[in-house]
Amino acid sequence: MPKKPEDLRSARWFAPDDLRSMGHRSRAMQMGLDSEDWEGKPVIAIINTWSDLSPCHHHLRDRAEFVKKGILQAGGMPAELPVHDFSEQFLKPTSMLYRNMGAMEVEETLRSHPVDGAVLMGGCDKSTPALIMGALSMGLPFIFLPAGAMLRGNYAGQKLGSGTDVWKYWDERRAGTIGKKQWDGVQGGIARSYGTCMTMGTASTMMSIAEGFGLTLPGASSIPAPDAGHKRMAAACGRRIVEMVWEDLTPDRIVTRAATANATAVAMATGCSTNAIIHLIAMARRAGVDWGLDDLDRIGHEVPVLANIRPSGKEYLMEDFYYAGGLPALMKELSHKLHLAAPTVNGRTVGENIESAENYNDDVIRPLTNPVYHEGSLAVLRGNLAPDGAVIKPAACDPKFHRHRGPAIVADSYPELKKIINDPDYPMTPDHVLVLRNAGPQGGPGMPEWGMIPMPQALLKQGHRDMVRLSDARMSGTSYGACVLHVAPEAFVGGPLALIETGDVIELDVPNRTLRVDLSDEELAERRTRWTPPEPRYDRGYGWMFSRHVEQADKGCDFDFLRTEFGAPVPEPDIY
C-alpha cells in the first residue's frame, strides 16, 4: 500500500499546527527553505562519510550534489548529514575500533532527524558495514551508494594493486632487491585517483556484498570512482530512494536469510577479504538473521572463486572487472547458486536484475567450469587452538601450506614481533609458524590489521616469500600469504592462543578445516592455571565501553547491547 503524504515520518516535525512544529518550520525557513520544499515530500538523508582525511571518499562531497539532484528530480527534499569518515589509512590504532561507534551514530542520526529515507555514501573498509548496520537497526528505507574503486596504479609500465603491491615491494626493499628510488616510484604511482583500493580488498569486497544483499542499484559496486557513470549512478540513487519511501520498501523486506546467502556466495566468488566474515555476520545479525561461521564455511565449500582479481587472482584489478561486466556478470555466472527471487532496492528481483548481464571477458570473470580456485575465497578452521574458529584465505597463499606442521615462534605484542622479523639472523626456517597474539578485539584493541605479518628478514634473504603466520588479529583484504587470522577466543581474554609457547608444534590442515597445537588437554589445562589476565587497555571513555561490550570475531565483533535480540525496538522520539 503506497504511503500518503500525511504518513511520512517527517510530517511529525513539519505538519502539525502547534508551537513545536512552527519552530521546526521557522528554522527551516532560516536556512532559505520554504514550505514548497517539504510539504507533502519525503525528506531524504544523505549520509556522507566525506572528510579531508578520507582519500577513499574524497569525491563524495561532489557525489552528494548528484544525489541531491536525483532527489529533487523525484520530488523529494534532500538533507545532507555528515557522519564518521572511517578513514582506513589514518585512523589509529585501527578503524575497526570505530565501526560500531559509527553504526550507532548512523542509527541515532536517522532516528533523531526528520527524515523518511536515506542514501548511505561509503565504501572504504569499515564504512560499508557501519552504515548498513546502523541503517538496518533504524529500519527506514535506504539505498547504499558505493564510493567505487580508484584507477589502477602504475609504476615503470607495471600495473600496481593497492596494498597487495605495497606488501610485495616492501618485502623486496627489505630483501635488498630494490632501492629507495623504486620504492618512492611505487609510493607515487600506487594511488592515482580518489576511490577505494582497486584490488579485491575489504572495500571492494564489502561494496560487492552490499550489492549481493540487494542494497545497491545493479552494477553500482563495480563502477570506478572517477568514471562519469558513477555520477549518473549517484543521481539514480537519489531518484530511487524517493520511490522507495512512497513504496515503504524497508530493509527488513530485503535483508533476509536468502539475501544473506546471496551476499555470502557473492563474497566467496569474488575472492573476498577475510574481513568479510566478521562484517557479514554482524550485518546479518542486525537484520535479525542468525548467520555464523558454519554458514559461511558451507557456502565456501560450494562456491568457487570466479573473479580473477588480485590478490586471489593473478593479474587483474577492479577497473578490469568493471569493463568485463562487473558484479552483475559475475552473479549471472553464479546464478544457479543464488536465490534469484530475492528482492532488491530497485524493486526488482535478483534474477530480473542479472537477466541481461553479459560477461565480456571470461578470463577476468571466470565461468564455473574454469574457476580461479575450486572452492570459495575463505575457509573456517577449528580445533584446540581455535575452538570458536579461525579464518584463512587458501586461494591467496602457496598451496604447499594448506597442510603444514611446524614449531611456533610466539610474539606477545607487535613491538616484540618487529624484533623477530627485523633480525636478519633470527634462528628460523620456513617450517616455523610465526605467532602474534594479544591483537584481537580487546587485545589490539579493536582487532587491528596486524595479521598480515611481514616476512622475516632472516627468511627473505634466503629467498623465501611465504610462511605460515597465525594471529587473533585481522589483515587487510589486499594482503596475501599463508596467514591464519581471527583466532577465537582471542588470547587477551584467555583463549588457547594465550597458552602456547615457542617451540610448540602447530598443525594446519585446510582441506579438513582444522587448526591444532600438539598438546594434550591436560597440558593446556595446567598452563591455564599459570596464565595471568593482562591489564585492561582502557580505564575510561569510548575504549573502556568498547572493551566491555565488544563480542568475539566469530560473532561479528558487534557490541552485545546492539544485537537485535538484546531488547525491545527503540521507539520513535517524542516531539513536545
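The structure we're discussing is the one just above.
So, how was this worked out
- Residues numbered from 1 in each chain as written.
- Predicted model: local features only at pLDDT ≥ 70, side-chain atom pairs only at ≥ 80, totals over all residues.
- Heavy atoms only, no water.
- Helix = DSSP H or I, 4+ residues; strand = E, 2+ residues; numbered from the N terminus.
- Rg over C-alpha atoms; globule rule 2.2 N^0.38 Å.
- Buried < 20%, exposed > 50% of the residue type's maximum accessible area, 1.4 Å probe, protein only.
- Contact = heavy atoms within 4.5 Å.
- Areas by Shrake-Rupley, 256 points an atom, 1.4 Å probe, with all protein chains shown as cover.
- Phe/Tyr/Trp six-rings, centres within 6.5 Å; stacked < 30°, edge-to-face > 60°.
- Lys NZ or Arg CZ within 6 Å of the ring centre and 35° of its normal.
- Core = buried A, V, L, I, M, F, W, Y, C linked by side-chain atoms within 4.5 Å.
- Salt bridge = Lys/Arg side-chain N within 4 Å of Asp/Glu carboxyl O.
- Pairing = 2+ DSSP bridges.
- Disulfide = S-S within 2.5 Å.
- Polar contact = N/O pair within 3.5 Å; in protein donor to acceptor, adjacent residues only side chain to side chain.
- Arc of directions from axis to C-beta.
- Axes fitted to C-alpha atoms, helices over the stretch in contact; angles between N-to-C directions.
- Parallel < 35°, antiparallel > 145°, perpendicular 65-115°, else oblique.
- Left-handed = near helix turned anticlockwise from the far one by under 90°.
- Nonpolar A, V, L, I, M, F, W, Y, C, P; charged D, E, K, R; others polar.

## Let's talk about the overall build of the protein
From N to C terminus, the protein includes 20 helices and 14 strands. Relative to its length of 576 residues, the protein is compact, with a C-alpha radius of gyration of 24 Å against a globular reference of 25 Å. Oriented by its inertia axes, the alpha-carbon framework of the protein measures out at about 80 × 55 × 45 Å. The 576 residues of the protein split such that 60% are buried. A separation threshold of at least 6 residues defines the contact pool for the protein, and within that pool the share at least 24 residues apart is 76%. Per element, the accessible surface of the protein, about 21,900 Å² overall, is 52% carbon and sulfur.

## Concerning helix 13 (residues 293-302)
Within helix 13, burial applies to L293, D295, L296, D297, I299 and G300. Where helix 13 is buried, its residues meet helix 11 (257-270), helix 12 (275-286), strand 7 (379-383) and strand 8 (386-392).

## A few points about the packing of aromatic side chains
What the rule picks out here adds up to 9 aromatic pairs. Relative to W38, the ring of F14 has its centre 5.3 Å away and its plane inclined at 20 degrees; by these criteria the two rings are stacked. With F14 in helix 1 (residues 11-14) and W38 in helix 3 (residues 35-38), this pair connects stretches of sequence that are 24 residues apart. For the pair shown, F14 and W38 are each scored as buried. Ring plane angle 20 degrees and centroid distance 5.8 Å describe the contact between Y98 and Y542, whose orientation is recorded as stacked. On the criterion of sequence distance, the pair formed by Y98 in the loop between strand 2 (77-82) and helix 5 (99-112) and Y542 in helix 20 (residues 541-549) is long-range, its members being 444 residues apart. Take Y98: its relative accessible area is 18%, and that puts it in the buried class. Chaining the aromatic ring pairs together yields one cluster made of Y98, Y542, F546, F559 and F561. Here the guanidinium or amino end of R12 rests over the ring plane of W13, the centre of that ring lying 5.7 Å away. Note that R61 overlies the ring of W50, its terminal NZ or CZ placed 3.9 Å from the centroid.

## Here's the deal with the nonpolar core
Ranked by internal contacts, the top residues of the largest apolar core, which has 106 residues, are I47 and L110. Per element, the largest residue contribution to this core is 8 residues, and it comes from helix 11. Aside from chain neighbours lying at most four places away, what touches I47 is L81, V83, V106, T109, L110, A118, V119, L120, M121 and L131. Formed by 29 residues, the second largest nonpolar core is a distinct cluster that contains I392, V468, A491 and V510.

## Overview of the pattern of salt bridges
Evaluation of the coordinates by the stated rule reveals 41 salt bridges. For K159, the salt bridge identified is with D320, shortest N-O distance 3.5 Å. With K159 in strand 6 (residues 158-160) and D320 in helix 14 (residues 318-323), this pair connects stretches of sequence that are 161 residues apart. Accessibility expressed as a relative area gives 31% for K159, which makes it partly exposed. In this structure, R530 and E526 form a salt bridge, with 2.9 Å as the shortest nitrogen-oxygen distance. With R530 and E526 both in helix 19 (residues 521-530), this residue pair falls 4 residues apart, about one helical turn. Taken together, the shared-partner salt bridges in this structure form one network comprising E88, D125, K126, E449 and R474.

## Considering the pairing of strand 9 (residues 403-411)
Pairing analysis gives 5 bridges linking strand 9 to strand 13 (residues 505-509), with the strands arranged antiparallel. Note that in strand 13 the partner of H404 across the bridge is L508. Pairing between strand 9 and strand 10 (residues 433-436): 4 bridges, direction parallel. From the neighbouring strand, A408 faces strand 10, where its bridge partner is V433.

## Thoughts on unusual backbone geometry
Glycine aside, the phi torsion of most residues is negative, and most peptide linkages are trans. A cis amide bond, omega 15 degrees, links R310 with the succeeding residue P311. Mapping P311 onto the fold places it in the loop between helix 13 and helix 14. Between G444 and the following residue, P445, the backbone shows a cis peptide bond with an omega angle of -5 degrees. Of note in this structure, F86 is not a glycine but carries a positive phi near 55 degrees. Residue position: F86 is located in the loop between strand 2 and helix 5. Positive phi outside glycine occurs at C557, with the angle close to 60 degrees. With respect to the helices and strands, the residue C557 is situated in the segment after helix 20.

## Details of the state of the cysteines
Summed over the entire model, instances satisfying the criterion amount to 0 disulfides. C124 supplies the cysteine sulfur nearest to C56, a cysteine that is in no disulfide, at a spacing of 3.7 Å. Classification of C56 by relative accessible area gives buried; the value is 3%. C483 provides the cysteine sulfur closest to C397, a residue in no disulfide bond, and the two sulfurs are 8.3 Å apart. Overall, the relative accessible area of 8% leaves C397 in the buried class.

## Notes on the side chain of N308
As for its position among the elements, N308 is in the loop between helix 13 and helix 14. A distance of 3.2 Å separates the side chain of N308 from the backbone oxygen of D363, its partner in a polar contact. Ignoring any residue separated from it by four or fewer positions in sequence, one finds N308 in contact with G313, K314, Y316, D363, V364, R366 and V372.

## Side note on helix 20
For helix 20, the full list of buried residues reads Y542, G543, F546 and S547. The buried residues of helix 20 occupy one face: seen down the axis, they fall within an arc of 135 degrees. Structurally, helix 20 contributes buried residues whose contacts are with helix 5.

## As for the sheet that holds strand 3 (residues 117-122)
Here we have 4 strands laid out as an open sheet, ordered 2-1-3-4, and parallel in their pairing. Edge positions in the sheet fall to strand 2 and strand 4 (142-146), since each has one partner strand and no second. Here the strands of the sheet are splayed against their neighbours by 20 degrees on average, with no regard to which way each runs. Lying over the sheet, helix 5 contacts strand 1 (43-48), strand 2 and strand 3, oriented at roughly 160 degrees with respect to strand 1.

## With respect to the packing of helix 6 (residues 127-138) against helix 12
Running from N to C, helix 6 and helix 12 cross one another at 15 degrees; their axes reach a closest spacing of 8 Å. Between helix 6 and helix 12, the angle falls in the class roughly parallel. Remark: the crossing between helix 6 and helix 12 carries left-handed chirality. Contacts from P129, I132, M133, G134, L136 and S137 of helix 6 reach helix 12 at H279, A282, M283 and R286. A per-class count over the contact of helix 6 with helix 12 returns 6 nonpolar, 3 polar and 1 charged.

All quantities given are derived from atomic positions and should not be read as evidence of function.
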